Amino acid sequence: MSKKPSATIDQKPAAPVSYGQAPVNASLTAEHKIELYRQMVRIRRFEERSHRAYTGKNAAGGANIGGFLHLYNGQEAIAVGCCSLMGKHDHVITAYRDHGHAIAVGMNTKALMAELYGKITGCSKGKGGSMHFFSPERNYWGGHGIVGGQIPLGVGLAYGVKYKGYKGSAMAFMGDGAVNQGAVHEAYNLAALWNLPCVFVIENNGYSMGTSQARSSAGELAKRAEGYGIAWAACDGHDVYEVRATMDKYLTIAREECKPAVVEIETYRYRGHSVADPDNTYRTKAEIEDYRRTKDPIQVFQAILLAEGVLTEASAEKIDEAAVAEAEAAAEFADASPYPTAEDIQKDVYWESDNPDQRTSQGRLFFN
Amino acid sequence: MPQITYREAVRHALAEELTRDPNVVVMGEEVGQFQGAYKVTQGLLEKFGPLRVADTPISEAGFIGMGIGASMLGVRPVMELMFWSFYSVAFDQILNNAANVRYMSGGQINCPIVIRGPANGGTNVGATHSHTPENILAAHPGVKVVVPSTAYDAKGLLKSAIRDNDPVFFLENTLLYGEKGEVPEEEYLIPLGQADVKREGKDLTIVTYGRPVIQSLAVAELLAKEHDISVEIVDLRTIRPLDIDTVLASVRKTHRVLIVEEQKPFCGVGAQLTYMIQAEAFDELDAPISRLCTIDAPAIYSPPVEAEQLPNPQRILKAALALLD
Ligand SMILES: Cc1ncc(C[n+]2csc(CCOP(=O)(O)OP(=O)(O)O)c2C)c(N)n1
Ligand SMILES: [Mg+2]
């Protein structure tokens, strides 16, 4: 792991300014802007620390994190930009690449890291793992492992918001590979047919595992919305201002007019599909470096904020150091926490078995 | 005999059948250019070309259904599910179409498709990725279900599956892919529906399949050494058709049965076996049939706890000793 903070890569991209003028961005205070920046850096540092826990060895000789670990590095501006627009009745659901959204909605990184370590102090008590983070109190409905499976749920959240009479929305995130799941298309149709306030967000990082967009999808991704009469847009995902400006438009329509939209956001992932992916068959190192050099979302926003005079090199450095320390503290917390026990396996399966005094059904629930 | 891995055994079976029969095609997510999510199909694209080894989008209902349709026309698709856990997305295709088309057409249409991929827990990938649906699949007349435990079995059974004229669901195991076993150079087939006595014994029969076979063999070794107990291990290999005769022969020999399965207990394969054993060999039993399954809850992520949720040597040992008490 390089000691040099990624927030100080030498070649600075030119700062685009136009999206900063969009009302949703122009109205931000300096503190809000710094907060957006800080969140992206916190996500980056969290992911780097979890990567180390997955690949490194612990005292027992094993890795601290098992299974799959899908990192969000490179895509930070999307989760942060979108979630920064959430009001009380706006909801979020995503796939297994879910750490960034979790941090962006305000989940505690200690509980997230502990979940990755499989500890009882984790956000799902060590039961869900990397792909299955949830925080209903923050309107964050996961964290879903089956490609595309979360999209109908997102439509359901939108339905719930509308049914209950709230002015709100649901953002249903998916990857560029997920658009080829049948469930996504059934969900589009329902959202359009029933005028549900769902904004479908395609985080297009160019690849579904080792398959490029060209090798997996016919036509343009977001444009498929047209078949359902759904409004759509495509935007760049490396500028958090652009993400916010684009999403604000469609979230406002969703909340005010109860209409769905599909927003495709171009982005890139720096790491392999999961940490287990050797990432050597489908793209070049040069391609990754090129994106990092010219479009890194943290770099881009740092340049913007430096130009705006909101941030200084020194304050950026401080934010980065704090993010590194936070991730380290999360890892220490996770490490020091206990695992669930065998008795925990059969807890949280049924509401009734967890609330036996209020049980109304009869008969056996478990068969061991 | 050369030692090859379970993964290579599956790969060799695919390569041999692709060579033998031009109707055989291999399809699935990442099977070609990426060389397989678990490297089972490594090298096949180079050898057989993109028409016969095809990468699909993440559209299980679409491509599994397409495979079923193609099989109706005499193509022999071997479809890879990256995980069997994703079968649920294609459930309608698998169970309404593959399982029923022959019956509903009055026997006019065959469906010689193979769907294969890993189905196991133990890799800390959580509840959505750890399904073992052999019981759910086998509950449907019209389909065949195979769960091989060794490299030798995997190769011989997969070749038979590809030549079979009915839909065959072939459930592998990511934790076995790296396990080596003896596999002859010369061609061989293992018929579907033939159990294998993996170890002879006289005191206790363990009926099992998949990875628990390997664990049970280790436990049997230990029981012999440390407790002077002789365990017979029957590996079902195929769940449907089910070789109940081999199971019953073993019961008549040892009079005690422990069923070990890496799936949840309710309506599991072991429940069916238990019914059949008591129905046909009740008088042969010296003790109630015992059953060891995955602890009845969705798969927990936490790595050390998942190991306890699944059958493991310690749990198998305990169950075996309890049965002999
Ligand atoms: C139904 C289903 N099929 C296959 C998989 C295996 N899988 C997990 S992620 C993935 C690629 C998805 O790519 P994309 O939608 O572009 O999202 P990204 O990983 O790029 O964020 C695949 C094939 C799965 N989890 N669920
Ligand atoms: Mg993608």
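Every value quoted in this text rests on a predicted model; they were computed, and no experiment measured them. (Residues numbered from 1 in each chain as written. Chains lettered and ligands numbered in written order. Predicted model: local features only at pLDDT ≥ 70, side-chain atom pairs only at ≥ 80, totals over all residues. Heavy atoms only, no water.)

### Some thoughts on helix H4 (residues 91-98) of chain B
Selection rule: Accessibility here uses a 1.4 Å probe with only protein chains present; expressed as a share of the type maximum, an area under 20% marks a residue as buried, one over 50% as exposed, and anything in between as partly exposed. Secondary structure follows DSSP: runs of H or I at least 4 residues long count as helices, runs of E at least 2 residues long count as strands, and numbering of each begins at the N terminus. The criterion used for residue contact is that any of the two residues' heavy atoms lie within 4.5 Å.
For H4 of chain B, the set of buried residues is Gln-93, Ile-94, Leu-95 and Ala-98 of chain B. For H4 of chain B, the secondary structure elements touched by its buried residues are helix H3 (60-72), helix H5 (101-104), strand E5 (114-118), helix H6 (134-138) and strand E7 (168-172) of chain B.

### A few points about the interface of chain A and chain B
Keep this limit in mind: Here the buried area means the combined drop in accessible surface, using a 1.4 Å probe, for two parts upon being joined, counting both sides. For this analysis, a salt bridge means a side-chain nitrogen from Lys or Arg found within 4 Å of a carboxyl oxygen belonging to Asp or Glu. Polar contact is the term for a pair of N or O atoms within 3.5 Å; when the atoms are in protein, one must be able to donate a hydrogen and the other to accept it, and sequence-neighboring residues count only if both atoms are side-chain atoms. Three classes are used: nonpolar for Ala, Val, Leu, Ile, Met, Phe, Trp, Tyr, Cys and Pro, charged for Asp, Glu, Lys and Arg, and polar for all others, with Gly counted as polar.
Each side of the interface is counted separately: chain A has 40 residues, and chain B has 38 residues. Both faces combined, the contact of chain A with chain B buries some 3100 Å², and carbon together with sulfur accounts for 64% of it. Between the two partners, chain A and chain B, sit 1 salt bridge. Asp-55 of chain B is paired through a salt bridge with Arg-215 of chain A; the nearest N and O atoms lie 2.5 Å apart. In this structure, the connection of chain A to chain B is made through 16 residue pairs in polar contact (both at pLDDT 80 or more). Listing elements by their share of the side of chain A that touches chain B, those giving two or more residues are helix H5 (109-116) and helix H8 (213-216) of chain A. For the side of chain A that touches chain B, the class distribution of residues is 17 nonpolar, 19 polar and 4 charged.

### What about the pattern of salt bridges?
Applying the stated rule across the entire model yields 41 salt bridges over all chains. Notably, a salt bridge pairs Asp-296 of chain A with Arg-44 of chain A, separated by 2.7 Å at the nearest N-O pair. With Asp-296 of chain A in the loop between helix H10 (285-295) and helix H11 (297-308) and Arg-44 of chain A in helix H2 (residues 30-55), the pair connects residues that are 252 residues apart, well separated along the chain. The buried category is assigned to Asp-296 of chain A, whose relative accessible area is 1%. For Arg-44 of chain A, a relative accessible area of 2% corresponds to the buried category. Residue Arg-163 of chain B is joined to Glu-187 of chain B by a salt bridge in which the shortest nitrogen-to-oxygen separation is 3.2 Å. Pair noted here: Arg-163 of chain B is in helix H7 (residues 151-163) and Glu-187 of chain B is in the loop between strand E8 (180-182) and strand E9 (196-199), with a separation of 24 residues, a long-range link. Here the residues in one salt-bridge network are Glu-16, Glu-17, Arg-20, Lys-155, Lys-159, Arg-163 and Glu-187 of chain B, joined through shared partners.

### Structural notes on the sheet that holds strand E7 (residues 261-266) of chain A
All names here are of chain A. What counts here: Pairs of strands are assigned from DSSP output, requiring at least two bridges between the strands. Fitted lines through C-alpha atoms serve as axes, helices being fitted only where they are in contact, and the angles separating the N-to-C directions of these axes extend from 0 to 180 degrees.
Across the sheet, which stays open at both edges, the 5 strands sit in the order E1-E2-E3-E7-E6 with parallel pairing between neighbours. Both edges of this open sheet fall to strand E1 (90-93) and strand E6 (231-236), since each of them pairs with a single strand only. Shown here is a sheet whose adjacent strand axes are inclined to one another by a mean of 20°, direction ignored. Relative to E7, E6 is paired through 6 bridges, and the arrangement is parallel. For Ala-234, the partnering residue across the bridge sits in E7 and is Glu-264. Relative to the sheet, helix H6 (residues 150-163) contacts E1, strand E2 (169-175) and strand E3 (198-204), its axis offset from that of E2 by approximately 175°. Sitting on the sheet, helix H7 (residues 182-193) touches E2, E3 and E7, and the angle it makes with E3 is about 145°.

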